[in-house]
Amino acid sequence: MLRSITSHRSYALLLTCTISLSLSSHSALAEQVSNSSNESLCPVINDNATKHIAPPVFKPENNQNTEISADFTQSSNDGTTSLDGNVVIERHLLRVTADHAEYDKQKDTLKVSGNVHIDTESLSLDADSGTVEMNKSSTPDNTTNSTQGNFKNIKFFIPDSNMKGKAESIKAGNQAANGSSNKNSTLKNASITSCDLFDPDWLISADEIRLDHDDEYGSADDVILRFKSIPFLYTPYIEFPTSDKRRSGLLFPEFGASSSRGIELAVPWYWNIAPNQDAVIVPRYMEKRGLELGGDYRYLTQSTKGKLQGSYLHDDDITQEKRYQVRYQQHSRILSNLLFDVDLQDISDADYFNDFANDIGSTSQTHINRSATLRYDINNWHARALVQDIQTIDETTALSSRPYERLPQITFNGDTEIGSSILLFTLDSEFVDFAHEDDTNTTGTRTTVTPGLRLPLSGSAWFIEPAVKFSHTRYDIGTEASGNAIDTEDRNVPISSIDAGLFFERNLDNGYQQTLEPRLYYLNVPFEDQTSDPIFDTSIPEFSVAQLFRDNRFIGGDRIGDANQLTFALSSRLLSPTTGDEFLRASIGQIFYFEDRKINLNSTDTTVDTSRQSDVIAEFDTNWGNWKSNIDIQWDTSNNKLSRENYFLHYMSNNKHLFNIGYRKRLDINDINIVDIEQTDTSFVYAINREYTSFVRWNYSLKDKKDINSIAGIAYDSCCWSIQLLAQRRLKNTTTLTTSNNDDYDNSILIQFVFKGLGSISGSSARTTLEQSIYGYTDTLQ
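Throughout, residues of each chain are indexed from 1 in the direction in which the sequence is written. Side-chain atom pairs in this predicted model are given and counted only at pLDDT of 80 or more, local residue features only at pLDDT of at least 70, and totals for whole chains, interfaces and linings cover all residues. No hydrogens and no water enter the side-chain calculation; it runs on all heavy atoms of the structure.

> Help me get a handle on unusual backbone geometry, residues and values and all.
Both trends apply: most residues other than glycine have a negative phi, and most peptide bonds are in trans. The omega angle of the peptide bond from Leu-407 to Pro-408 is 0 degrees, so this bond is cis rather than trans. Helix and strand assignments come from DSSP, with helices taken as H or I runs of at least 4 residues and strands as E runs of at least 2, each series counted from the N terminus. Mapped onto the secondary structure, Pro-408 falls in strand 24 (residues 405-417). Unusually for a residue other than glycine, Ser-229 sits at a positive phi of about 70 degrees. Relative to the helices and strands, Ser-229 resides in the loop between strand 11 (217-227) and strand 12 (230-241).

Shown next as C-alpha cells:
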C-alpha cells in the first residue's frame, strides 16, 4: 500500500466557498509556505466588518433538526410562511439571521433579506438578500436531490486564516444523485485579503471564481493582485487547490540578485504526480549565467522515502561550460530492524557552490559524500555494510591525497552477557576493501577483529569497569600500477583499561542540587611496530573531554596508539531536584603518561613523544532562563599557553529578541596539517517596535583580517503582510582563498515578500539564509 505525501503544495489564490466557505494553506517543496495569521493581528476597526460567532452544536440525535424563531410569524393559505424581526434559523453547525424570511412550502424555497448573516464552523457571511432552493426531487424517479443558494452583495470572513472577502453575488449548489454529490459555487466580481477589507494593503480580485468542492479545486478569470491599490500581477486564468488535496500548477515566482549571478527570476511549477509522488520543476533565469533548469522529486512508499534534487545549466555565460548539481537521498525500512540508506551526489566543478549557493556552509565544503548503507540490528548486535566514495571538490588537492573509496566496508559489533553473570563479551569487527583513483596509491583490504571482556560494576555513588580487548588486524594490499602485493605482518595488540568514578551530591540553600563527579581512566596498550601498515582512513581527532576516555588516540583502523596512561577528570553539575534540568556543567581533565609514545600517524615520522602530561581540557556550559553559554579551552602545558579557545554567549527572550556573540581561536599542529584560526561571530535579532525588526550577523577572521559572512537586514511585519530585505556579503571559499579582493566575495540582495494567508511571492532565500546564519532564529513572518 502506498502512503500519501503529507507535505502539500499550493499555488496562486487559495480560496474555497460553499454556503460555508473555507480557506486552507499548504506547504510547498519550494518552501513557499502559506501560514495562517491570527485574527488579533488585524483588529476589526469597522462596524460593518463581518464578525464570526460560533454556530450551535446539536446533540447527535438532533443533528437533522431545524430551529426557527422570529418576533412575528404569519402563514398564508398558499403555503408560504413569513417571519419578521430578529429571524434566527439554526441547524447543527449553522446559524442564519435576518430581518425578514419567507418560506414557500410548495416550491421548497427560503428567501431571506435585510442584514442577512450566516455563521458556519469555518465562515461568517453577510449579504443583503438571498434565496435557498431545496428541491428534494428533480427527476421523475426521485433519485436526485439538489440545493441551490443565491446571495447578493456578500462579505465573508474566515477566522482560521483571518481572510476577508466580498463579492457581487455567490451561487452555491449541492446536487446529489444515486449516492453521489456535486457541490460547486460561483462568485461574481469577488475579492479577498487578510487585511482590513475596507482599507486593504493587498487585495486579490477576479471577475469570476468557480469552485468544485468535490474535486477540491477552483478556477478564476481575470485575476489581479494589487498592493497599496496598485496592480502588479495579472493572469487571465488560474486554477488552484481549495484544501489539503494537492494539485499541479504554477507556484509564485522567486526573484533576487547577487554579484555572481546578477538578477534572478525563477518560476516553479508543481507537479502532483500521484498521492505518493510529487515534484517541483524550476526554470531559473540568471542575468550573468543564463537559463538553468532545476527541480525536486519526492516519493513515498510503505517502506521507503526518497528525494531527487538537481539543477542543470547547459552553457554558463561566464565560464562557457556546463554546470550542474544532482543529489539523491533514500531511506528504506525493509524490516523493523533492517534499514537501507542512500546518499548520492555530484557537482560539475569545484566552484559550483561558490557561484550558486547562498550559505557559507555549502561554499566551504571540500568534499561531498556518495554512499549506500545497509544496517541490521538485533538486540545488542549491529551489522553494517557500506559502499562509499567521497568526491573531492577542491581540484587543487593532489590526487594521491584524496580520500579512499570503501568498496565495501562491513562491520559487526555488540556485546552480550556471559551466562547469568554481569560479565560482558564484546566484539568489534570490520572488513574494508579500499580503492583509490590514483593507481600509484596503496590499495587493498583491511580486516580487524577485536573481541573483549567488560565487567561493569556500580553502586549508588560509584562505578568501576575493568575491560580487556585483543585487536587483530590483517592487511592484503598492493598497488594497481605495479600489480605487486606488499608484504605486511599481522598486527596483534592487547588493550586493557579500568574506568572508575564517584558521584557526590548536595542540596544548596537556594534549592538547587550540586554534584561533584571525579573520574579516573587507566589505559594500557603495549607498543607494536606499525610503520609498514598503510594509512587508508585514519586521522587524529580534535582533543576534547570525550577524547580523554577513548582507548585509541587515533580514529580509524590503521593505527593503535601505544599507551600507559591515567586520565583524571572532574565534573560538577547544578541541577533542579524536581525536574532534573541541568543549569550548569563544568568539566576539566588531563592525561598523565607513564611511558613515551612511539606510534605516529605518518610512518616516516620517528619522533617519540616524551611529554609526561597532555594538554588540560576544560568545558563550561550554562543554561539559565533566557541565557545560554559555552566555554571550551585547551591549555598547552608544553608552551604554557592556550592552544584552543571557544567562547559563546546566547540570549533569547523570544524570536524577535535574541543575541549571539562568539570567539574562537585554535592553533593545532599535527602530522598532517596546521590549523590556525581566530574568528569572532556576532549576530542579533532586535524588534525595533511591533512592525520593524532588524537582523545582523558578522563573522570575521581576526587572523586574516577579513569578513567571512556579513548579513544586515530589516523586516516589516504588519497584520496581513510582511517583507524581509537582507544584504549579504559572503566569502566564497574559506579553504582555498589566500588573498583578499572583491572577487573573493559574493554580494547579494535577498527579499522575502509575504501576503499572509496567501504565502511568499518571492521565494524563501531570505528566510532560509537567516535561519542558517543566526543561531536560535526561526522565521515567523510568513
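> With reference to specific residues and values, describe the state of the cysteines.
A disulfide bridge is the covalent bond that connects two cysteines by way of their sulfur atoms. Our working definition of a disulfide is a cysteine sulfur pair at a distance within 2.5 Å. Following the criterion strictly, the structure yields one disulfide and no others. Two residues, Cys-195 and Cys-720, share a disulfide whose sulfurs are 1.8 Å apart. Between Cys-195 and Cys-720 the disulfide shows an S-S torsion of about 90 degrees. By sign, it is right-handed. Here Cys-195, found in the loop between strand 9 (180-193) and strand 10 (202-212), pairs with Cys-720, found in the loop between strand 41 (706-717) and strand 42 (721-731); they are 525 residues apart in sequence, far enough to count as distant. Given a relative accessible area of 1%, Cys-195 falls into the buried group. For the exposure calls, accessible area comes from a 1.4 Å probe over protein chains only, and a residue counts as buried if that area is under 20% of its type's maximum, exposed if over 50%, partly exposed in between.

> Let's hear about the pattern of salt bridges: which residues, and what values?
Just to be clear on terms, a salt bridge is a Lys or Arg side-chain nitrogen sitting within 4 Å of an Asp or Glu carboxyl oxygen. Using the criterion set out here, one finds 42 salt bridges in the structure. In this structure, Asp-278 and Arg-298 form a salt bridge, with 3.0 Å as the shortest nitrogen-oxygen distance. Here the residue Asp-278 occupies a position in strand 17 (residues 277-286), and Arg-298 occupies one in strand 18 (residues 290-300), the gap between them amounting to 20 residues. Take Asp-278: its relative accessible area is 0%, and that puts it in the buried class. We note a salt bridge from Arg-697 to Asp-681, for which the minimum N-O separation is 2.7 Å. In this pair, Arg-697 sits in strand 40 (residues 692-701) while Asp-681 sits in strand 39 (residues 674-687), placing the two residues 16 residues apart along the sequence. Ionic contacts of the salt-bridge type, sharing partners, join the residues Arg-289, Asp-316, Arg-323, Asp-349 and Asp-355 into one network.

> Account for the pairing of strand 39, with residues named and values stated.
DSSP calls a pair of strands paired once it identifies at least 2 bridges connecting them. With nine bridges joining them, strand 39 and strand 40 adopt antiparallel strand pairing. Directly across from Phe-684, in strand 40, lies its bridge partner Val-696. The hairpin turn running from strand 39 into strand 40, its antiparallel successor, is four residues long.

> Can you explain the confidence of the model for the protein? Please cite residues and give values.
A residue's pLDDT is the confidence the predictor assigns to it, expressed on a 0 to 100 scale. Per-chain confidence: the protein averages 84 in pLDDT, with 85% of residues scoring 70 or above. Averaged pLDDT values over the elements of the protein bottom out at 58 in strand 44 (residues 759-760) and peak at 97 in strand 30 (residues 491-502). By the convention used here, residues are in contact when the closest approach between their heavy atoms is within 4.5 Å. Here residues 136-140 is modelled with pLDDT under 50, and outside its nearest four sequence neighbours on either side it reaches eight contacts, counting other chains as well. Taken as a whole, residues 736-742 scores under 50 in pLDDT and shows nine contacts with residues more than four places along the chain or in a different chain.

> Tell me about the packing of aromatic side chains, and please be specific about residues and values.
Classification of ring pairs uses Phe, Tyr and Trp, with its six-membered ring standing for Trp, and accepts pairs whose centres are within 6.5 Å; under 30 degrees between planes counts as stacked, over 60 as edge-to-face, and the remaining range as tilted. Counted under the stated rule, the structure contains 23 aromatic pairs. Taking the centre distance of 6.0 Å and the plane angle of 80 degrees together, the rings of Tyr-404 and Phe-434 count as edge-to-face. Taken together, the residues span a long stretch of sequence, with Tyr-404 in the loop between strand 23 (381-392) and strand 24 and Phe-434 in strand 25 (residues 424-435) at a distance of 30 residues. Side by side, Tyr-404 and Phe-434 carry an identical accessibility label, which is buried. In this structure an aromatic cluster arises from ring pairing among Phe-227, Tyr-692, Tyr-716, Trp-721 and Phe-753.

> Talk me through the nonpolar core; I want residue IDs and the actual numbers.
Buried Ala, Val, Leu, Ile, Met, Phe, Trp, Tyr and Cys residues form a nonpolar core when they are joined through side-chain atoms within 4.5 Å. Val-112, Phe-151, Ile-154, Leu-187, Trp-202 and Trp-721 are the most contacted members of the largest nonpolar core, which has 41 residues in total. The dominant element in this core, judged by the number of residues it contributes, is strand 10, at five residues. Judged by nonpolar contacts, the second largest core, of 15 residues, contains Tyr-521, Val-525, Phe-543 and Tyr-593.

> Report on the environment of Tyr-270, specifying residues and quantitative values.
Tracing the backbone shows Tyr-270 in strand 16 (residues 269-274). Tyr-270 sits 23 residues away from Arg-247 along the chain, and the two C-alpha atoms are 7.8 Å apart. Counting of polar contacts relies on pairs of N or O atoms within 3.5 Å, with two restrictions inside protein: one atom must be capable of donating a hydrogen and the other of accepting it, and residues adjacent in sequence are counted only when both atoms are side-chain atoms. Side chain to side chain, Tyr-270 and Asp-278 meet in a polar contact 3.2 Å long.

> Please give an account of the environment of Val-57 that cites residues and values.
With respect to the secondary-structure elements, Val-57 resides in the segment before strand 1 (67-69). According to the relative accessible area criterion, Val-57 is exposed, its value standing at 64%. In this structure, the C-alpha to C-alpha distance between Val-57 and Glu-90, residues 33 residues apart in sequence, is 9.6 Å. Here Val-57 is in contact with His-92 and Leu-93, once residues within four sequence places are set aside.

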